[in-house]
Amino acid sequence: MKELIKKVVETYGPAGSEAQIRELIRSEIAPYVDEMRVDALGNLIALKRGGGKKLMLAAHMDEIGIIVTHIDKNGFLRFFPVGGLSPLTLIGNRVMFENGTLGVVGAEKLEAQKDLSLNKLFIDIGAASKTEAEVKVGIGDVACMSREFADLGTRLVAKAMDDRIACAILIEALKAVRKPTYDIYAVFTTQEEVGLRGARVAAYDITPDLGIAIDVTRTGDTPESITMDVSLGKGPTVKIRDSSLLCTPSVRKFMEEVAQQNNIIYQLEVLEAGGTDAGAIQLTKGGIPAGVMSIPCRYIHTASEMVDYSDVQNGVKLLVGIMETEFKG
Amino acid sequence: MLLKKLSEAFGPSGCEGEVRNILMEELAPHVKQWRRDALGNLIAVKGSAGGLRVMLAAHMDECGLMISSIDRSGLLRFRKVGGIDDRVLVSKHVIVGSKKISGVIGAKAVHLQKPDERNQVIPLSGLYIDVGAKSKEDAEKLIKIGDYAVFATEFKALSDTVVVGKSFDDRAGCAVLVEVLKDEYALDIYGAFTVQEEIGLRGAGVAAYAIEPDLAIVLEGTTCSDIPPSKEYGYCTTLGQGPAITIMDASVICDRRMIAELVRIAKDHDIPLQFKRSVTGGSDAGKINQTKAGVPVVVISVPCRYIHSPVSMLNLADFHNTIKLVKLFLKSIAEGGFVL
């Protein structure tokens, strides 16, 4: 599975520019699903028939990135963030455009470190002039972080673990499931990082009986970190709340029971800030029971997001368990 | 001139009737089928080709003020409707209520201000509208609580190409849409003149829900920042450099295929074109994009300086080029030159 993870995390795909990652996922899941389509917002919606109720599983394909807003006469690019980016994580980092162009993030001279902000930063793609830069990059072009996947043994590090690790888990679960008890709509959603936009329209179209998002969550297990009872290596989480939703109690209970029946370790998650696709799914039409399984992840929204491989494997098991167990509501 | 009429019309969010009437009168010879929905959106329907359903949207409403109370002295207290900068309010002429009473926004004169007050933006609590009434009773003969007020700004041409007036955001978009609707296309066109954009994109969402478009084009008068003290890399759009295409703002990421087609058309027909270089602010496109199973959208704007103030400025060449670009885009869609 590590090979699959490496492929999905390294692929380009910021919010609104998900074509490359969508094609990769499409080819990975094609043999394991009955139908596939792409909707108006670019969501990849795959159906695996098992009869019964409709289960929507959402993992977002998009990652955070930057959008070019200006190219100066010397070929330097100015940019805005696409999704939640901190300037602290950017200086010296490399970014990658859809056509493969690489750039380095540099900063203006700063009087003090506290003056650092995104509008003091620029991207250098190695061009000596505006004309030279415009051969490779135009205004409105979008880039993601450029960083290789690293296997540290138990722990895995990469850009875009948020939320490609969930894409990988959903792909593996689609391969592994034997007796699905639902018509499973596996949705690889777009534009989560800018406001849960893909999941909202996909859920409207599908009108599922049950919706579960798979995402990453923060942890409280690093030095002087936020207070949070989630750690790497203690299993996937069953979410209770985040800023976008209070998980439907019956869904939370269902997910816990599936974990217990299958002897899968899990953690309960209360996330103070942040939202997930489940928030959009839950409020669709007349309301949809919704929950979230999260993979604990350190250093979210940086170029080096870290997860634990055992959490990932247990995540696949829990998801397969969910697919094979009837939700009685 | 239609743009002048629309610019001078009284139409803050929730009070778009006057603008709607101007639009209906102007479009009557060109549009057979109308509807006015529950929120007040005006939807002009053209064609029954049974082909693609294209929604074009421009918002009728403007930022304004609402009277919240009347003092014993006859001065009117107010609240803002939409995002007006507090700093542009003082000493402006306004028109109040359905009887269109003239008034001015007053505040303590500079002689009476304490030194520290002179360094502050006057808060809304220090401002009032003075319609020359002698008392509360006197004022109440003309004005009720809940009446709206808008800036009293006359439309004016500064040169052959540059005009100023209030509320080009989004009366410029309304005027573009009217011109576009005067032509015929082999498409099902829904021209939606929306309400309540300035207070939360409220009209466009319900209009799109009812229309169920296959794709949508939002027409805006958007902000220019080609002015001091902005550095060039901070310019959002530039006056006179053509229609501005939004790639992304706080509410939406526009459809890349539609953007590419607009760029191609502009190039083939020598129409100047620019991208909006800031990603802040929202537009009706955000709501339309998120409607039902999702709608691909693009935003095309006439660049306007000084929006959300008593006077905005646009370049007529940008305005006419926007009309031309939108018409060519619709023809390209109708001819199947562009497939989603």
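Reading guide: rules and limits
- Residues numbered from 1 in each chain as written.
- Chains lettered and ligands numbered in written order.
- Predicted model: local features only at pLDDT ≥ 70, side-chain atom pairs only at ≥ 80, totals over all residues.
- Helix = DSSP H or I, 4+ residues; strand = E, 2+ residues; numbered from the N terminus.
- Rg over C-alpha atoms; globule rule 2.2 N^0.38 Å.
- Buried ≥ 20, exposed ≤ 12 C-beta atoms within 10 Å, placed from the backbone.
- Contact = placed C-beta atoms within 7 Å.
- Nonpolar A, V, L, I, M, F, W, Y, C, P; charged D, E, K, R; others polar.
- Pairing = 2+ DSSP bridges.
- Axes fitted to C-alpha atoms, helices over the stretch in contact; angles between N-to-C directions.
- Expected span 1.5 Å × (residues − 1).
- Domains from an automatic or database assignment.
- pLDDT = per-residue confidence, 0-100.
- Right-handed = clockwise from strand over helix to strand, strands pointing away.
- Core = buried A, V, L, I, M, F, W, Y, C linked by C-beta atoms within 7 Å.
- Arc of directions from axis to C-beta.

(A) Fine view of the overall build of chain A. Along its length, chain A carries eight helices and 17 strands. Against the globule reference of 20 Å for 329 residues, chain A gives a C-alpha radius of gyration of 20 Å, in line with a compact fold. A burial count over chain A gives 54% of its 329 residues as buried. Long-range pairs, those at least 24 residues apart, make up 75% of the contacts in chain A with a sequence separation of at least 6.

(B) Inspection of the interface of chain A and chain B at higher detail. In this complex, chain A contributes 21 residues to the contact, which on the side of chain B involves 14 residues. Elements with a minimum of two residues in the side of chain A that touches chain B: β4 (65-71), β5 (76-82) and α5 (197-206) of chain A. Here the side of chain A that touches chain B is composed, by residue class, of 10 nonpolar, five polar and six charged.

(C) The sheet that holds strand β11 (residues 155-158) of chain A, seen in detail. Residues and elements named next belong to chain A. If you trace the three strands from one edge of the open sheet to the other, you get β10-β11-β17, paired in antiparallel fashion. Edge positions in the sheet fall to β10 (150-151) and β17 (305-308), since each has one partner strand and no second. As defined by bridge partners, β10 adjoins β11 across two bridges and the pair is classed as antiparallel. Within β11, the position partnered with Asp151 by the bridge is Leu156. Set on the sheet, helix α8 (residues 309-323) makes contact with β11 and β17; between it and β17 the angle comes to about 65 degrees.

(D) Just helix α9 (residues 316-334) of chain B, in detail. Residues and elements named next belong to chain B. Look at α9: 27 Å from first C-alpha to last across 19 residues, which is about the 27 Å you get at 1.5 Å a residue. Taken together, the buried positions of α9 are occupied by Asp318, Phe319, Asn321, Thr322, Ile323, Leu325, Val326, Phe329, Leu330 and Ile333. Those residues of α9 that are buried lie in contact with β3 (53-59), α5 (168-181), β13 (215-223), α7 (256-268), β16 (297-305) and β17 (312-315). Looking one or two places after α9, you find Gly336, whose phi comes out positive at around 75 degrees.

(E) A look at the domain arrangement of chain A. All names here are of chain A. For chain A, the assigned domains are domain 1 (2-63 + 159-323) and domain 2 (65-145). Computed from C-alpha atoms alone, the centre-to-centre distance between domain 1 and domain 2 is 30 Å. In this complex, domain 1 contributes 15 residues to the contact, which on the side of domain 2 involves 13 residues. Along the lines of polarity and charge, the residues of the side of domain 1 that touches domain 2 split into six nonpolar, six polar and three charged.

(F) Local environment of the confidence of the model for chain B. Of the residues in chain B, 100% reach a pLDDT of 70 or more, and the chain-wide mean stands at 94. Scored as a complex, the prediction yields pTM 0.93 and ipTM 0.90.

(G) View of the domain arrangement of chain B. Residues and elements named next belong to chain B. You can read the domains of chain B as domain 1 (2-62 + 166-334) and domain 2 (64-151). Taking only C-alpha atoms into account, the centre of domain 1 sits 31 Å from that of domain 2. Listed per partner, the contact involves 11 residues of domain 1 and 13 residues of domain 2. Here the side of domain 1 that touches domain 2 is composed, by residue class, of five nonpolar, three polar and three charged.

(H) How the structure looks around the sheet that holds strand β8 (residues 121-124) of chain A. All names here are of chain A. Ordered in space as β4-β5-β8-β7-β6-β9, the six strands form a closed barrel in which the pairing is antiparallel. Across the sheet, the axes of successive neighbouring strands diverge by a mean angle of 45 degrees, strand direction being ignored. Pairing analysis gives three bridges linking strand β6 (residues 94-97) to strand β7 (residues 102-107), with the strands arranged antiparallel. Bridging across to β7, Arg94 finds its partner in Val104.

(I) Structural context of the pairing of strand β15 (residues 267-270) of chain A. Residues and elements named next belong to chain A. Burial along β15 is one-sided: Gln267 and Glu269 are buried, and none of Leu268 and Val270, which face the opposite way, are. Note: strand β14 (residues 237-241) against β15, four bridges, orientation parallel. From the neighbouring strand, Val238 faces β15, where its bridge partner is Leu268. The parallel pair β14 and β15 is bridged by helix α6 (residues 249-261), and the resulting crossover is right-handed.

(J) The arrangement of the nonpolar core in detail. If you look at the biggest cluster of nonpolar residues, it comprises 207 residues, and the most contacted ones within it are Leu170 and Leu319 of chain A together with Val176 of chain B. Broken down by element, the residue count for this core peaks at 10 residues, all from helix α4 (residues 161-176) of chain A. Setting aside chain neighbours within four positions, we find Val176 of chain B in contact with Ala58, Leu219, Val302, Phe319, Thr322, Ile323 and Val326 of chain B.

(K) Seen up close, the environment of Gly103 of chain B. Residue and element names in this part refer to chain B. Locating Gly103 in the fold gives a position in strand β7 (residues 101-106). What makes Gly103 buried here is the crowd of 25 C-beta atoms within 10 Å. For the pair Gly103 and Lys92, spaced 11 residues apart in the sequence, the C-alpha separation amounts to 8.5 Å. With near-sequence residues (within four places) excluded, Gly103 lies in contact with Val94, Val96, Ile129, Asp130 and Val131.

(L) Expanded view of helix α1 (residues 2-10) of chain A. All names here are of chain A. Of the residues making up α1, those classed as buried are Ile5, Val8 and Val9. Seen from one end, α1 has its buried residues packed into an arc of 95 degrees, which puts them on one side. Looking at the packing, one finds that the buried side of α1 touches α2 (19-29), β11 and α4.

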